[in-house]
Amino acid sequence: MNKKSKNGGYAALKAAFPHTVPVMAGYLFLGISYGIYANVSGFNFLYPMMMGIIVYGGSLEFVAVSMLLGSFAPLQTFLVALLIQARHLFYGIAMLEKYRGTGWKKLYLIYTLSDETFSVNCSAKVPEGVDKGLFYFFISLLDQMYWVFGAALGGILGSFIPFNTEGLDFVMTAMFVVIFLEQWLKEKKHYTALIGVFASAGCLLVFGADSFLIPTMVCILCFLTVFRKPIEKAGGFE
Amino acid sequence: MTLSQEIITIAVCALATVICRFLPFIVFSGKRETPEYIRYLGKALPAAIFAMLVVYCLKNVSIAEWSHGLPELAAILVTVGLHLWKRKMLLSVAAGTLCYMLLVQFVF
């Protein structure tokens, strides 16, 4: 017991790291792009770095740079930020049970529940003998470190990039595709996955790229509520 | 903006993020049993959310304009095909990304 807890941290870190490699590639690239964007917008590297630590929400941080360039409007900033971040409500609901009983780490786990960290922690299986809380903690911590490091680096480098990285941002798409596929292969019936596909594709067509997330969330909630009986009967979520 | 206005703006962004991330955990705190409906949502949501995130990543792809989403389609097919074959996440993600980069840099 004692020995296990002594090595628990290292074992959890070792188990966690491979799960974060796609996020590392994506976050370093996106983080650097974000830092460059902030830099060419006239902010020194401390801005993207601190926003990576304090706000830590990719798309909102990009928007925040343009807000900082505009006039001071805290209420409007707050409302826009809420709209952009509303999808995180879903992540919390989905992680309620998984993050239960993680002790002191829970605050940090919730604080850093980004799209990518949510996807990894929600789909990764905690290896046997590894502390669940520490495993999630290291994935969350590594992910945030990649992002903050990338943002700071981009902020320092400015627009100097040594090689052509066009298309590298696809790494995030590919990761979500694989996680979605894994989920699909785990399920016997695909009701909820199909609800997700059709709700988001439908809302994207109707509402457009800039404002389809909130309607998509509403649609998903409605469908999951209306079809609760058949979905629960099909089961096989985990 | 002055420095203090900048700090307030950043703090407001952080506050909105923290609210969205913490709200479910605060409302359904550990002491009381989580309502069954919420537990059901917690299990049913991930598959739908993953689909939403894939669509979110592809939201700016235009089928009507040049390249017609073809590099994205090809790269996703490579990712999915390789994953069904080898079932190795890193390999599938790396190959899909590389395929996309080659396509957008040299072909389209």
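Residues numbered from 1 in each chain as written. Chains lettered and ligands numbered in written order. Predicted model: local features only at pLDDT ≥ 70, side-chain atom pairs only at ≥ 80, totals over all residues. Heavy atoms only, no water.

1. Some thoughts on the overall build of chain A
Counted only if it meets this: Numbering of helices and strands starts at the N terminus; helices are DSSP runs of H or I of at least 4 residues and strands are runs of E of at least 2. Put simply, the radius of gyration uses C-alpha atoms, and a globule should come to 2.2 Å times the residue count raised to 0.38. We call a residue buried when its accessible area falls under 20% of the maximum for its residue type, exposed when it is over 50%, and partly exposed in between, using a 1.4 Å probe and counting protein chains only. Any two residues whose heavy atoms approach within 4.5 Å are treated as being in contact. The positive count covers Lys and Arg only, the negative count covers Asp and Glu only, and His and the chain ends enter neither. Lysine's charge is taken at NZ, arginine's at CZ, aspartate's at CG and glutamate's at CD.
The secondary structure content of chain A amounts to 12 helices and 0 strands. Seen in sequence order, chain A has helices and strands lined up from the N terminus as α-α-α-α-α-α-α-α-α-α-α-α. Taken over the C-alpha trace, chain A has a radius of gyration of 19 Å; the compact-globule value for 238 residues is 18 Å, and the two agree within 12%. Evaluated residue by residue, chain A yields a buried proportion of 50% over its 238 residues. Look at the contacts in chain A between residues 6 or more apart in sequence, and 75% of them connect residues 24 or more apart. Taken as two groups, the 17 positive and 14 negative side-chain charges of chain A have centres that lie 13 Å from each other.

2. Notes on the domain arrangement of chain B
Convention followed: For the domain bounds, the source is a domain assignment made automatically or taken from a database.
Segmentation of chain B into domains returns domain 1 (1–57) and domain 2 (61–108). With centres defined by C-alpha atoms, the gap from domain 1 of chain B to domain 2 of chain B works out at 30 Å.

3. Section: the packing of helix H9 (residues 170–186) of chain A against helix H4 (residues 89–107) of chain B
Short version of the rule: To obtain each axis, a line is fitted to C-alpha atoms, and for helices this fit is confined to the stretch in contact; angles are then taken between N-to-C directions over 0 to 180 degrees. The scheme is simple: roughly parallel for angles under 35 degrees, roughly antiparallel for over 145, roughly perpendicular for 65 to 115, oblique for anything else. Should the near helix be turned counterclockwise from the far one by less than a right angle, the crossing is left-handed, whereas a clockwise turn marks it as right-handed. Classification convention: Asp, Glu, Lys, Arg as charged; Ala, Val, Leu, Ile, Met, Phe, Trp, Tyr, Cys, Pro as nonpolar; all other residues, Gly among them, as polar.
Where H9 of chain A meets H4 of chain B, the closest approach of the two axes is 9 Å, and the angle between their N-to-C directions is 140°. When the interaxial angle is binned, H9 of chain A and H4 of chain B end up oblique. As for how H9 of chain A packs across H4 of chain B, the hand of that crossing is right-handed. Every residue of H4 of chain B that contacts H9 of chain A at Phe170, Val171, Ala174, Met175, Val178 and Ile179 of chain A is listed here: Met89, Ser92, Val93, Gly96, Thr97 and Tyr100 of chain B. The class makeup of the residues in the contact of H9 of chain A with H4 of chain B is 9 nonpolar, 3 polar and no charged.

4. Some remarks on the interface of chain B and chain A
The extent of an interface is frequently quoted as the accessible surface area lost upon association of the parts. Rules: The term salt bridge refers to a side-chain nitrogen of Lys or Arg lying within 4 Å of a carboxyl oxygen of Asp or Glu. N or O atoms within 3.5 Å of each other form a polar contact, as long as, within protein, one can give a hydrogen and the other can take it, and as long as residues adjacent in sequence are counted only when both atoms are side-chain atoms.
Contact with chain B, which involves 67 residues of that partner, is made by 92 residues of chain A. Put simply, chain B and chain A have 2 salt bridges between them. A salt bridge links glutamate 182 of chain A to arginine 87 of chain B, with the nearest nitrogen and oxygen atoms 2.8 Å apart. Along the contact surface separating chain B from chain A lie 12 residue pairs in polar contact (both at pLDDT 80 or more). Sorting the residues of the side of chain B that touches chain A by element identifies helix H1 (3–27), helix H2 (36–57), helix H3 (70–86) and H4 of chain B as the ones contributing at least two each. No other element matches H2 of chain B, which puts 22 residues into the side of chain B that touches chain A. Per-class residue counts for the side of chain B that touches chain A are 46 nonpolar, 13 polar and 8 charged.

5. Brief notes about the pattern of salt bridges
The tally for this structure, following the rule as stated, stands at 5 salt bridges over all chains. With a shortest N-O distance of 2.6 Å, aspartate 115 of chain A and arginine 87 of chain A are connected by a salt bridge. Of the two residues, aspartate 115 of chain A sits in helix H7 (residues 115–123) while arginine 87 of chain A sits in the loop between helix H4 (74–85) and helix H5 (88–95), which places them 28 residues apart along the sequence. When the shortest N-O distance is used, the salt bridge between arginine 228 of chain A and glutamate 36 of chain B registers 3.9 Å. Linking arginine 228 of chain A in helix H12 (residues 228–234) with glutamate 36 of chain B in helix H2, this pair reaches from one chain into another.

6. Description of the side chain of serine 41 of chain A
Summarising the element assignment, serine 41 of chain A is placed in the loop between helix H1 (2–40) and helix H2 (46–54). Not counting chain neighbours up to four residues away, the residues in contact with serine 41 of chain A comprise Val65 and Leu69 of chain A.

7. A closer look at the environment of valine 80 of chain B
Relative to the elements of secondary structure, valine 80 of chain B occurs in helix H3. We classify valine 80 of chain B as partly exposed; its relative accessible area is 23%. Measuring from C-alpha to C-alpha, the distance between valine 80 of chain B and serine 92 of chain B comes to 7.2 Å, with 12 residues separating the pair along the chain. In contact with valine 80 of chain B, not counting residues within four places along its chain, are Val177 and Leu181 of chain A.

8. Here we look at the nonpolar core
Note the following rule: Here, nonpolar core refers to any group of buried Ala, Val, Leu, Ile, Met, Phe, Trp, Tyr and Cys residues whose side-chain atoms link them within 4.5 Å.
Counting 96 residues, the largest nonpolar core has Phe118, Ile220 and Leu224 of chain A as its most contacted members. Of all the elements, H2 of chain B adds the most residues to this core, at 15 residues. The residues touching phenylalanine 118 of chain A, leaving out its near neighbours within four places in the chain, are Tyr91, Ala94, Met95 and Leu113 of chain A together with Ile49 and Phe50 of chain B.

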